[in-house]
Amino acid sequence: MKLKSLLIASAMMLAPASVMAADLTIGFSQIGSESGWRAAETTVTKQEAEKRGIDLKFADAQQKQENQIKALRSFIAQGVDAILLAPVVATGWDEVLEEAKEAEIPVMLLDRTVDAPEDLYMTAVTSDLVHEGKVAGDWLQDEMAGADCSIVELQGTTGSSPAIDRKKGFEEGISDASNLKIIRSQTGDFTRSQGKVVMESFLKAEGGANICALYAHNDDMAVGAIQAIKEAGLKPGEDIKIVSIDSVPDIHLAMASGEANATIELTPNMAGPALDALEAYLADGTVPPKWIQTESKLYTLKDDNQAIYELKKDLGY
Amino acid sequence: MVHGFQATLRRIAPQLIILAVVLLLNFLVFPDFFKIEFQNDRLFGNLVDVFNRGAPTALLCIGMTLVIATKGIDLSVGAVMAIAGATAADLVVSGYGWGTALIGAISVGLMCGLWNGVLVAFLRIQPIVATLVLMVAGRGIAQLITEGTILTFLNEGLIHLGAGTVLGIPTPILIWIGLGAIVTLGVRRTALGMLVEAIGINEASSRVAGINSRVLLVSVYLVSGFCAAIAGVIVAADIKGADANNAGLWLELDAILAVVIGGNSLLGGRFSITASLIGALIIQSVNSVILLSGLPPEFNLVIKALIIIAILVIQSPTVKHALYILRASAESEALEPARAAQLTPPKETAQ
């Protein structure tokens, strides 16, 4: 408590000096570029900083925590105004976060959280995985409007938190609809090729005509499944409704040609809300909540998917 | 010739029996398993899927069998698949035809094989270490080519290699059976196979006997790289995109497992490509059981582990010997005691 008030007090003193946002220097420690989404997050973060006239110092950790800790220490040594951190793992951050705190540099977490006392960071900007699944379930319930529907589910990597939470959320979303039933659920490891392989087996095990909808924990598996459905002589999007999560460019391309029906965005813009919170804090000391939830936006065939595809494809997905 | 065929049949009999049992398991969990239809201009059925989805592992284990026969191992094949797929995708995206893309991918695969071969044959680095280099670095190279994204393409010719059909049969099936046959004939109709086995059994003495072991060692890694490149192209073509992160991930382990299930010794020596290919089909059939069973995915690895353990235990020398003793004692009760004493163990056709 004492530390917190101290932090606020020191921020108050800092406030006059940082009225000019253009003078801000912010360090960003990114995990690496293990997925297209990660690359897009990096691109968007750089764009968001540029838009605000912030000098962004970028460090790619190549999936290694020690690199991230090194980057954080160098940011502290350089005396940056704030640090954005996308932590590769949840544990082992206490020490370096203490150092940042002693140097009075606020740390904002992007996309993932850490197992450290809450007072060691200012806020965490993440999506709500359970909520994403629920949006997908709600959408399907509305779409079917009471008609009976047998659903097959392509899960993410078994045991991973997105797979667990997106499954849970979807089940919550359809729990009050007795007409919707998950008949088969298997992991597709978040990859296109496994998505295709597992969908092939679903189509044969249940018969294509008996499957009314597909829910995939990510778009890549849905893209693979679309090919399997086509090869089985069915029309994806019509014969089998498809809803998935992430909103990567290729699913919008599929939606533009009516081969997929809906996707829920896992926004790569985690930095925007973080920087907004930081600017508000520096301007008048508004302490942001410990968790800022990003919007899980639903895209359907009503949107101009071709335009979204064009917009997204250069983000590095 | 007839004798040779009989010998081959006797060699692969255990693998064929295991395959039959696993296919029967499939039939039990899903009665329509053996149903094959002709729909949408292609053969359509679970059995077709086993042959089609087993293609990458089958292709890898052709090269892997030869490498293992020389007492080596090639851990890099999964990564080489990713590089080859990325190369092919990159070439068609840059506007080249599918033929060029295929040749490009194969060249890259051969280059990777050459690298491994030189490390093993000339620098005398242990194969597991030498190929580990490319296993780790290869995926990075593939990511450099795709720039970290899934590089999608729409080139019909290239897609045909992975997702197309010839006379209704999925192309990958034809490719792996064709390549398997060519390599098998190539090593068995010539002395090459025997020379490879000689290196695996005792490299020093085979060199003294006049075998150019270095050239042969490099060659088997070249074949392995070639097979991995074809597998990589098929996997990329199948999903119309090169996924550098996931293409061929952990597939080197499946290929090694297929070779082992095929009854080939990791210590080198005698080998059978046909048995390895059946091993690859066994693995894919196990995957098929898991998918068709409809059990939650948490059970996938447990089921796979149990079936694989059962297969390997049945194949272990101790169990084989126990089975032989059982059979022999059963027979000896029916025979004269004097003749039973004369029974000698049959010659092992292969390890």
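Remember, predicted model here, so these are calculated numbers, not experimental data.

Rules used throughout
Residues numbered from 1 in each chain as written. Chains lettered and ligands numbered in written order. Predicted model: local features only at pLDDT ≥ 70, side-chain atom pairs only at ≥ 80, totals over all residues. Heavy atoms only, no water. Helix = DSSP H or I, 4+ residues; strand = E, 2+ residues; numbered from the N terminus. Rg over C-alpha atoms; globule rule 2.2 N^0.38 Å. Buried < 20%, exposed > 50% of the residue type's maximum accessible area, 1.4 Å probe, protein only. Contact = heavy atoms within 4.5 Å. Areas by Shrake-Rupley, 256 points an atom, 1.4 Å probe, with all protein chains shown as cover. Lys, Arg positive; Asp, Glu negative; His and termini not counted. Charge placed at Lys NZ, Arg CZ, Asp CG, Glu CD. Polar contact = N/O pair within 3.5 Å; in protein donor to acceptor, adjacent residues only side chain to side chain. Disulfide = S-S within 2.5 Å.

J.: Honestly, the overall build of chain B in this entry has me stumped. Any pointers?
T.: Within chain B, the regular secondary structure consists of 16 helices and six strands. Here the C-alpha radius of gyration of chain B, 22 Å, is about what a compact globule of 351 residues would show, namely 20 Å. For chain B, the proportion of its 351 residues judged to be buried stands at 52%. Considering only contacts in chain B between residues 6 or more positions apart, those separated by 24 or more positions represent 77%. For chain B, the accessible area works out to roughly 16300 Å², and carbon and sulfur atoms hold 70% of it. Charge centroids of chain B, computed over 19 positive and 19 negative side chains, lie 11 Å from each other.

J.: Looking at this model, I keep getting lost on the side chain of Thr-267 of chain A. Mind explaining?
T.: Residues and elements named next belong to chain A. Mapped onto the fold, Thr-267 is located in the loop between β10 (262-265) and α10 (271-284). For Thr-267, a relative accessible area of 13% gives the class buried. Within the structure, Thr-267 has its side chain in polar contact with the backbone nitrogen of Asn-269 (distance 2.9 Å). Apart from the residues lying within four places of it in its own chain, the contact partners of Thr-267 are Trp-37, Thr-294 and Glu-295.

J.: Looking at this model, I keep getting lost on unusual backbone geometry. Mind explaining?
T.: All names here are of chain B. The phi dihedral of Arg-124 is positive, around 55 degrees, even though this residue is not glycine. Topologically, Arg-124 is positioned in the loop between α5 (98-121) and α6 (127-146). Judged by its relative accessible area of 39%, Arg-124 is partly exposed. Even without glycine at this site, Trp-250 takes up a positive phi of about 65 degrees.

J.: Please clarify how the environment of Val-93 of chain B should be interpreted in this entry.
T.: Residues and elements named next belong to chain B. Its place among the elements puts Val-93 in helix α4 (residues 77-93). In this structure Val-93 comes out as partly exposed when scored by relative accessible area, which is 45%. Along the sequence, Val-93 and Val-120 sit 27 residues apart, while their C-alpha atoms lie 35 Å from each other. Those residues in contact with Val-93, other than ones at most four positions away along the chain, are Leu-151, Thr-152 and Phe-153.

J.: For this particular structure, what's the right way to read the state of the cysteines?
T.: Each disulfide consists of a covalent bond between the sulfur atoms of two cysteine residues. Residue and element names in this part refer to chain A. Throughout the structure, instances matching the rule amount to one disulfide over all chains. The disulfide partner of Cys-149 is Cys-212, and the S-S distance across this bridge is 1.8 Å. Taking the torsion about the S-S bond as the criterion, the Cys-149 to Cys-212 disulfide, at about -95 degrees, is left-handed. Here the residue Cys-149 occupies a position in strand β6 (residues 149-155), and Cys-212 occupies one in the loop between α7 (192-206) and β8 (213-216), the gap between them amounting to 63 residues.

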